[in-house]
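Okay, here's what each chain looks like letter by letter:
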Amino acid sequence: MNISIDGIGYQLASKKETSTDLKNDNPEWDMDLIVSKTGVETRYVSETNETALSLCIAAAKKLDFNSHDIGACIFVSQSPDYMLPTSACIAQEELGLNRDVAAFDINLGCSGFIYALSVAKGILTDIEKSKALLLCGDTYSKFINKNDRTCRPVFSDAGSAVLLSKSESKNTGPFNFGTDGRGYDKLIVRNRASKVESKFNDFLHMNGAEVLLFTMANVPSGVKALLKKANLESEDIDYFLFHQASAIVLDNIQRKLNIPDEKFPRNSKDIGNTVSATIPILMKDLEDEGRLEKGQKLLLFGFGVGYSYGGCILEY
Amino acid sequence: MTKDELFLLIKDALDADNQIDINASADNIPEWDSLGHLSVLTALDDATDGKASSLSDLSDATSVTKIVSILEAEEII
């Protein structure tokens, strides 16, 4: 059994933040230089009452589905409403899903959409109901110091919702996954969970150079391994949809894999890095622009915090 | 890669106004800030056919002396 994507919705956080806003808070920042490296000109920041869950629920409400058909609701986030309970349980209630639904969270960041696709495929194989909701969202801005020049210009808040169905005709997979826990502290929020580390603050910390090295060392090789596993050539792929990390990261990946611009879409200039939501948001934007059509073969690849990466081939 | 080629690579990556030599570092090259260092890393990665990305010590090697030391140890220069 395979899965198909029946619909995608997304909701950006309500406050739009421009380079001018960042400059006002940080007069010493050279915004032209920052934009040239990150590729991000605008980003979205959640208000106090907006959370990853509320944004994902808003995104899901844009989709057309019968709640009786939904057998699984998976919420991918690293900024849940509560330490417990599981946010997906709240989504089940707020979306009016039946109570015979599997609802659970996955704590992953930029690779999370790929992992959740694989998990959803497995669950749909095991249940009678025909559809699953995959919610990916984060509000990293709530963890970011307004003077942090590494994180603030890049990250953006959003929620996405993807409606998945059992399919006999579409091919999903193969997948490949990877983890390198040596990099756990290179992109981290401390002191907001159980472990107390008093010498550290509780803001998002990113060592951009270390994360870049991880990406350069693992993503191009991971993509090549995935193509080999699928017995495909690069030319067989209609679109390479990468996690929209930042321009400097994407430029390196594109250059190393020699992917032409028309097969390497980007949207981070206007939206920023929305963590696990970047790939579904990119797919939705492509679809709305009329560039993404049913039956096209896509290579999806997410990577980042953990370190963690995951990729898959998907027939849209 | 020779040392002179490395100096030129770093100058181009940083789009630096000043010449880069063995004494250059983030302390004396204004363009060599944390964002500039990312450009140095990607340029090194391109120039070494991906070998540089496996050298994690490069992440905080913000001086030419340190970079030369790391690359010499790996016989890249």
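**Regarding the overall build of chain A**
- What chain A contains, in helices and strands, is 9 helices and 13 strands.
- For chain A, whose C-alpha radius of gyration is 19 Å, the value lies close to the compact-globule estimate of 20 Å for 316 residues.
- Looking at chain A residue by residue over its 316 residues, the buried ones come to 59%.
- Expressed as a percentage of contacts within chain A between residues at least 6 apart in sequence, the contacts between residues at least 24 apart total 77%.
- Summed over its atoms, the accessible surface of chain A is roughly 13,000 Å², and 46% of this surface lies on carbon and sulfur atoms.
- If the 35 positive side-chain charges of chain A are averaged to one point and the 42 negative ones to another, these points end up 4 Å apart.

**Digging into the domain arrangement of chain A**
Residue and element names in this part refer to chain A.
- Entries for chain A in the domain assignment read domain 1 (2–167) and domain 2 (172–315).
- For domain 1 and domain 2, the distance between their C-alpha centres works out to 15 Å.
- On the side of domain 2, 48 residues touch domain 1, which itself brings 46 residues to the contact.
- A combined buried area of about 3,900 Å² lies between domain 1 and domain 2, and 66% of that area is made up of carbon and sulfur atoms.
- On the domain 1 side of the interface with domain 2, the three residues burying the most area are C110, I114 and F143, jointly 17% of the side's total.
- Where domain 1 meets domain 2, there are 17 residue pairs in polar contact (both at pLDDT 80 or more).
- Sorting the residues of the side of domain 1 that touches domain 2 by element identifies β1 (2–12), α2 (31–38), β3 (42–45), α5 (112–126), β6 (131–138) and β7 (158–167) as the ones contributing at least two each.
- The dominant element in the side of domain 1 that touches domain 2, judged by the number of residues it contributes, is α5, at 7 residues.
- Here the residues of the side of domain 1 that touches domain 2 sort into 24 nonpolar, 14 polar and 8 charged.

**A look at the pattern of salt bridges**
Residues and elements named next belong to chain A.
- Summed over the entire model, instances satisfying the criterion amount to 16 salt bridges over all chains.
- With a closest N to O distance of 2.9 Å, D6 and K131 form a salt bridge. One end of the pair, D6, is in strand β1; the other, K131, is in strand β6, with 125 residues separating them in the sequence.
- One salt bridge in this structure joins R190 and E197, with 3.0 Å as the shortest N-O distance.

**As for the interface of chain B and chain A**
- Every contact between the two is made by 18 residues of chain B and, on the other side, 15 residues of chain A.
- Approximately 1,400 Å² of surface area, both sides summed, lies buried where chain B meets chain A, with 62% of it carried by carbon and sulfur atoms.
- Area buried by chain B at its contact with chain A is led by L35, L38 and S53 of chain B, which between them contribute 37% of it.
- There are 3 salt bridges connecting chain B and chain A.

**As for the environment of I114 of chain A**
Residues and elements named next belong to chain A.
- Tracing the backbone shows I114 in helix α5.
- Separated by 189 residues in the primary sequence, I114 and F303 have C-alpha atoms spaced 9.5 Å apart.
- When near neighbours in sequence (up to four residues on either side) are disregarded, I114 contacts F175, F177, I279, L300, F301, G302, G310, G311 and C312.

**Comments concerning the nonpolar core**
- Ranked by internal contacts, the top residues of the largest apolar core, which has 72 residues, are F242 of chain A together with I10 and I67 of chain B.
- With 10 residues, the top contributor of residues to this core is helix α6 (residues 208–229) of chain A.
- Two domains share this core, each providing at least three of its residues, namely domain 1 (2–167) and domain 2 (172–315) of chain A.
- In this view, F242 of chain A contacts V219, V223, L250, I253, L257, I259, F264, I279, L282, F301 and F303 of chain A; residues no more than four positions away in its chain are not counted.

**Notes on the sheet that holds strand β11 (residues 239–242) of chain A**
Residue and element names in this part refer to chain A.
- Strand order in the open sheet formed by 4 strands is β8-β13-β12-β11, and the pairing between neighbours is mixed. One side of each edge strand has no neighbouring strand; the edge strands of this open sheet are β8 (172–179) and β11. The average angle at which neighbouring strand axes cross in this sheet is 10°, direction not considered.
- Relative to strand β13 (residues 308–315), strand β12 (residues 297–304) runs antiparallel, the two being bridged by 8 bridges. Residue F303 lies in a different strand from β13, and its bridge partner there is Y309.
- In the packing of α6 onto the sheet, the strands contacted are β8, β11, β12 and β13, and the crossing angle to β12 comes to about 150°.

**A closer look at the sheet that holds strand β5 (residues 102–106) of chain A**
All names here are of chain A.
- Ordered in space as β1-β7-β6-β4-β5, the 5 strands form an open sheet in which the pairing is mixed. Where the open sheet ends on each side, the last strands, each with one partner, are β1 and β5. Adjacent strand axes in the sheet meet at a mean angle of 15° when their direction is disregarded.
- Across the face of the sheet, helix α3 (residues 52–60) comes into contact with β1, β4 (70–76), β6 and β7 while running at roughly 50° to β7.

Rules used throughout
Residues numbered from 1 in each chain as written. Chains lettered and ligands numbered in written order. Predicted model: local features only at pLDDT ≥ 70, side-chain atom pairs only at ≥ 80, totals over all residues. Heavy atoms only, no water. Helix = DSSP H or I, 4+ residues; strand = E, 2+ residues; numbered from the N terminus. Rg over C-alpha atoms; globule rule 2.2 N^0.38 Å. Buried < 20%, exposed > 50% of the residue type's maximum accessible area, 1.4 Å probe, protein only. Contact = heavy atoms within 4.5 Å. Areas by Shrake-Rupley, 256 points an atom, 1.4 Å probe, with all protein chains shown as cover. Lys, Arg positive; Asp, Glu negative; His and termini not counted. Charge placed at Lys NZ, Arg CZ, Asp CG, Glu CD. Domains from an automatic or database assignment. Buried area = accessible area lost by both parts, 1.4 Å probe. Polar contact = N/O pair within 3.5 Å; in protein donor to acceptor, adjacent residues only side chain to side chain. Nonpolar A, V, L, I, M, F, W, Y, C, P; charged D, E, K, R; others polar. Salt bridge = Lys/Arg side-chain N within 4 Å of Asp/Glu carboxyl O. Core = buried A, V, L, I, M, F, W, Y, C linked by side-chain atoms within 4.5 Å. Pairing = 2+ DSSP bridges. Axes fitted to C-alpha atoms, helices over the stretch in contact; angles between N-to-C directions.

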